[in-house]
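# Summary of the model geometry
Here's the letter readout for the chains.
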Amino acid sequence: MNISTYTVKPKLPNSLKPLEEIARNLWLSWNYDAVQLYIRLDYDSWMMSQQSPVRTLGMVSQERLAEAAKDDSYLAALDEVYNRFLKYKRGETWYRGTKKEVVAYFSMEYGMDVSLPIYSGGLGILSGDHMKTSSDMGLPLVGVGLLYRQGYFKQLLNADGFQQESYPENDWYNMPVERKTGKDGAPIKISVDLAGRTAVAQIWEVKVGRSSLYLLDTNIDENAPDIRNVTSSLYGGDKETRMQQEILLGVGGIRALRALGINPAATHMNEGHAAFLGLERVRELMAEKHFNFDEAREAVWPTNIFTTHTPVPAGNERFDIALMEKYMRPWTQILGISWKDFLGLGRVQVNDDHETFCMTVLALKMAAYANGVAKLHGVVSRDMWKGLWPGLPLSEVPIGHVTNGVHPRTWVSSGMTDLLDRYFGPHFEEEPTDLAIWDRMDRISDEELWRTHERRRERLVAFVRDRIRQHYKRTGAVERRIQQAEDALSPYALTLGFARRFATYKRGNLLLRDPERLLRLVRDNERPVQLVFAGKAHPMDIPGKELIREIIHFAEKYDVTSRIVFIENYDMTVARYLTSGADVWLNTPRRPLEASGTSGMKAAMNGVLNCSILDGWWDEAYNPEVGWAIGQGEQYEDTNLQDDVESKALYDLLERDIIPLFYQRGRDGLPREWIKRMKSCMKEIGHSMSSHRMLMDYSNNFYFPALKNYRRIVKDDYAESKSLAAYFGKLRQSWDSLRITRLGSNAKPVMQRGDSLTVTAHIELGSLSPDELLVELYHGTVSNQGGEIANAQRTEMKAVGQEGNSHLFQVRIECSTTGMQGHTVRILPKHGALIHPYRTGLIKWA
């Protein structure tokens, strides 16, 4: 069938033209007064469009548009919003440097607004907040991802409470995306090789305030049907589909930026899905500069950043060797390396032919900068990947941490934002990096804060009732059952919220472990407690789906459906209602399996108190003034025992502390002590867990150093990279001949504090010179376990002479710490261009 296509756009009166510009910029997603313009234009169209401003404009009748164009109050509101929008785009920002070179941020998913459903959960929401915050701060950053025709699934619960999935098609022409075209008006396209077949992708742009996100789409006529389906759904399909998507994201993403005339001077891989970008950047330099693989790798390594989000080995993306052979074997010729060496880039044990290819390992080997997403997760990650740096003490494994954050103006409810704006002043919106503004929480009266929160709880209850009513109608419930939706929840009861991906380790059913204790709480008419659950299980996760059904069956079995409810199809809209309308936010993962988590941060910034296992972000944020901790951070071998202990601890907290505190009211009806904690929570979490703090950490620790590295490297036409590659070639050839033959010192059995200790190492260097090695004295307190040195200090030793074949290295330190002390000597690489001296297999101990 030959179909001629064309695009139809809404015909807006001139006075309403700004509506289209605002609708196509996701700035509106964190500016509720902008959203209100579309709701006010036509509420029915807004709801039918599934809260899409672009689609709403296409659904509103011309008569209504003409009417709005003559409405002076509506035009005044539009004018005010549009002027704020223009002021935002043109205003001064935290970053004021050059934008000639950019950081390219790669992520598999982006959750920025319900009108652009290309996200599944926490990773995508974080990426969306990352983009919004980058816009606020004016950073030289662009986003890169994939445009999924079906996005993630829509959750449908059947009458028995079992999750089913539907995959609605996205209509890009009625969403806030614009196809990028060249000067001739034709779409800009790139191509990648997928196992000998060419996949062509077009590029779409999403405007995010001042920033841009570029998304690749293979659903075009040039491609065969199976290639068109590469971008059909997020996390859908089999391993081969994932391989295809990750080649498109990493390799195709770099090519897309080049096609757009954008220079990705530094890249940030948000999870290992985009790790193939490192190979593409190497390929570019090899083709352009005629470098060998090692030279090109040393040129891109200082400009790559990698963030891992996975706290367990099984969660990291791995591909079997047969699939690697099918898709990546041609890269050995492109890169000029052997197949074994290529596979070694994705293996911890490079000589283990049975080890699969791990994308996290590839990312770690290709990036100078690596981090986990919370302080505890950094510790977990260093332990998980210590095998990449054998012989290196765990504390020195080069994986740091940047704790996640959330974008306040996206997640703080509109009513609460209005209250904060009144008391914080314009500084809160105009200079979001000034985190000290949260100290003004004490200016807000208890009455205003509580009334604002109560209104949010009332809105949550109304929202839940409407969702339950829709669910009953869809599943064919009788009228009497549909009417029962009106009794769901109370706008006055203590409300506990639990919303996240339903996986077994998150233990969504922990509160159900002792039905008798739970039922006493929810059936107490004097101090009522109610629970609101939401979340999706992965389509293939049957145990996760059973958890959802267990909660629904529990409420039905004990006739407490008015006090325990499950909201269908958890998305950003549901999250906003829940994180602002609950009183307590529950989080019950098995420590340390929660990398970070961010839903509790969103709740906290709305004054919702957290009650959580000490895992992820809560492990570093918790103090008694901002919420409650379940347990003391213990870890268990016996998971059944763990569930017993921690469920009892949770019941105890609820019965002895949380419920009494909530219902402890003064003569004015206000829970003053509870409100005091709300203020402390908002102040501390607003300050420490804002995404603006997160982006300042990324910028100062990674982005700005990586961009500086790039400018330094290209300034001398990559001479530094060539020198570094030659150095490592020489070092690896000579490494086995390095020997620390003798250690000597003036140490006595007992030393006095303040005494000087001189240590001399005799080292055979082979063909290396003393200035090519970092020789360190590694010293500190000797632990009682295994004779290891705890809290070690490192002091560089200097070459002082030569005896025969040995060079002498010496250092003098002061004995400053009492107790059993010890020292040894180690050798590491040393070169002026190194970001850090830790390279796989290159450490030698005495």
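Remember, predicted model here, so these are calculated numbers, not experimental data.

Cut-offs used in this document
Residues numbered from 1 in each chain as written. Predicted model: local features only at pLDDT ≥ 70, side-chain atom pairs only at ≥ 80, totals over all residues. Heavy atoms only, no water. Helix = DSSP H or I, 4+ residues; strand = E, 2+ residues; numbered from the N terminus. Rg over C-alpha atoms; globule rule 2.2 N^0.38 Å. Buried < 20%, exposed > 50% of the residue type's maximum accessible area, 1.4 Å probe, protein only. Contact = heavy atoms within 4.5 Å. Areas by Shrake-Rupley, 256 points an atom, 1.4 Å probe, with all protein chains shown as cover. Lys, Arg positive; Asp, Glu negative; His and termini not counted. Charge placed at Lys NZ, Arg CZ, Asp CG, Glu CD. Axes fitted to C-alpha atoms, helices over the stretch in contact; angles between N-to-C directions. Parallel < 35°, antiparallel > 145°, perpendicular 65-115°, else oblique. Left-handed = near helix turned anticlockwise from the far one by under 90°. Nonpolar A, V, L, I, M, F, W, Y, C, P; charged D, E, K, R; others polar. Expected span 1.5 Å × (residues − 1). Bend = angle between axes of the 7 residues up to and from the residue. Polar contact = N/O pair within 3.5 Å; in protein donor to acceptor, adjacent residues only side chain to side chain. Salt bridge = Lys/Arg side-chain N within 4 Å of Asp/Glu carboxyl O. 1 Å grid on protein atoms, 1.4 Å probe; cavity = no way out; pocket = protein on both sides within 12 Å on 5 of 7 lines; lining within 4 Å. Points joined across faces, edges and corners; volume = space filled by probe spheres on them. Pairing = 2+ DSSP bridges.

A few words on the overall build of the protein. When you go through the protein residue by residue, the secondary structure sums to 30 helices and 28 strands. For 846 residues, the compact-globule formula gives about 28 Å, and the C-alpha radius of gyration of the protein, at 29 Å, lands near that figure. Considering only C-alpha atoms, the protein reaches an extent of 95 × 70 × 50 Å along its principal axes. The buried share among the 846 residues of the protein stands at 58%. Restricting to contacts in the protein with at least 6 residues of sequence separation, those with at least 24 account for 73%. Summed over all atoms, the accessible surface of the protein reaches about 34800 Å², with 47% contributed by carbon and sulfur. Counting 105 positive and 108 negative side-chain charges, the protein places the averaged centre of each group 2 Å from the other.

It is at 7 Å that the axes of helix H9 (residues 239–259) and helix H10 (residues 277–289) come closest, and there the two elements cross at 50°. The angle between H9 and H10 places the two elements in the oblique class. Every pair of crossing elements has a handedness; the one defined by H9 and H10 is right-handed. On H10, the residues touching Gly250, Val251, Ile254, Arg255 and Arg258 of H9 are Leu277, Glu280, Arg281, Arg283 and Glu284. Here the contact of H9 with H10 is built from residues that sort into three nonpolar, one polar and six charged.

This part covers helix H29 (residues 691–715). The terminal C-alpha atoms of H29, which comprises 25 residues, lie 33 Å apart, in line with the 36 Å expected from a rise of 1.5 Å per residue. At serine 699, H29 shows its largest bend, some 50°. Two or three places before histidine 692, at the start of H29, stands the capping residue serine 690, its side-chain oxygen 3.0 Å from that residue's backbone nitrogen. Remark: aspartate 717 follows H29 within two positions and exhibits a positive phi of approximately 55°.

Let us now look at the pattern of salt bridges. Summed over the entire model, instances satisfying the criterion amount to 65 salt bridges. The shortest N-O distance in the salt bridge between arginine 711 and glutamate 101 comes to 3.1 Å. Of the two residues, arginine 711 sits in helix H29 while glutamate 101 sits in the loop between helix H6 (72–90) and strand S1 (102–106), which places them 610 residues apart along the sequence. Owing to a relative accessible area of 33%, arginine 711 belongs among the partly exposed residues under this scheme. One salt bridge in this structure joins aspartate 421 and arginine 409, with 2.9 Å as the shortest N-O distance. With a gap of twelve residues between them, aspartate 421 in helix H18 (residues 414–424) and arginine 409 in helix H17 (residues 408–411) connect regions that are remote in the sequence. Under the relative-accessibility criterion, aspartate 421 is labelled partly exposed at 24%.

Turning to empty space enclosed by the protein, a few remarks are in order. In this approach a probe as big as a water molecule rolls over the atoms, and the regions it shows empty are the leftover space. Tallied over the entire structure, the rule returns five cavities of 30 Å³ or more. Considering only enclosed or pocket space, the largest cavity measures out at about 170 Å³ in volume. Lining the largest cavity are 17 residues, and of these Arg409, Phe428, Glu429, Pro432 and His692 lie nearest its centre. Of all the elements in the fold, those that place two or more residues in the lining of the largest cavity are H17 and helix H19 (427–430). Split by residue class, the lining of the largest cavity holds nine nonpolar, four polar and four charged. One number sums up the size of the second largest cavity: a volume of about 50 Å³.

With that settled, consider the sheet that holds strand S16 (residues 529–534). Spatially, six strands are ordered S17-S16-S15-S18-S19-S20 in an open sheet, and the strand pairing comes out parallel. Of all the strands in the sheet, just strand S17 (564–567) and strand S20 (627–630) have a single pairing partner and so form its edges. Shown here is a sheet whose adjacent strand axes are inclined to one another by a mean of 20°, direction ignored. Of the strand pairs in this sheet, S16 and S17 are connected by four bridges, and their pairing is parallel. Bridge pairing links valine 532 to valine 565 in S17. Running at roughly 155° to S16, helix H24 (residues 572–581) makes contact with strand S15 (494–499), S16, S17 and strand S18 (584–587) of the sheet. Contacting S15, S18, strand S19 (609–613) and S20, helix H28 (residues 672–688) runs over the sheet at an angle of about 75° to S19.

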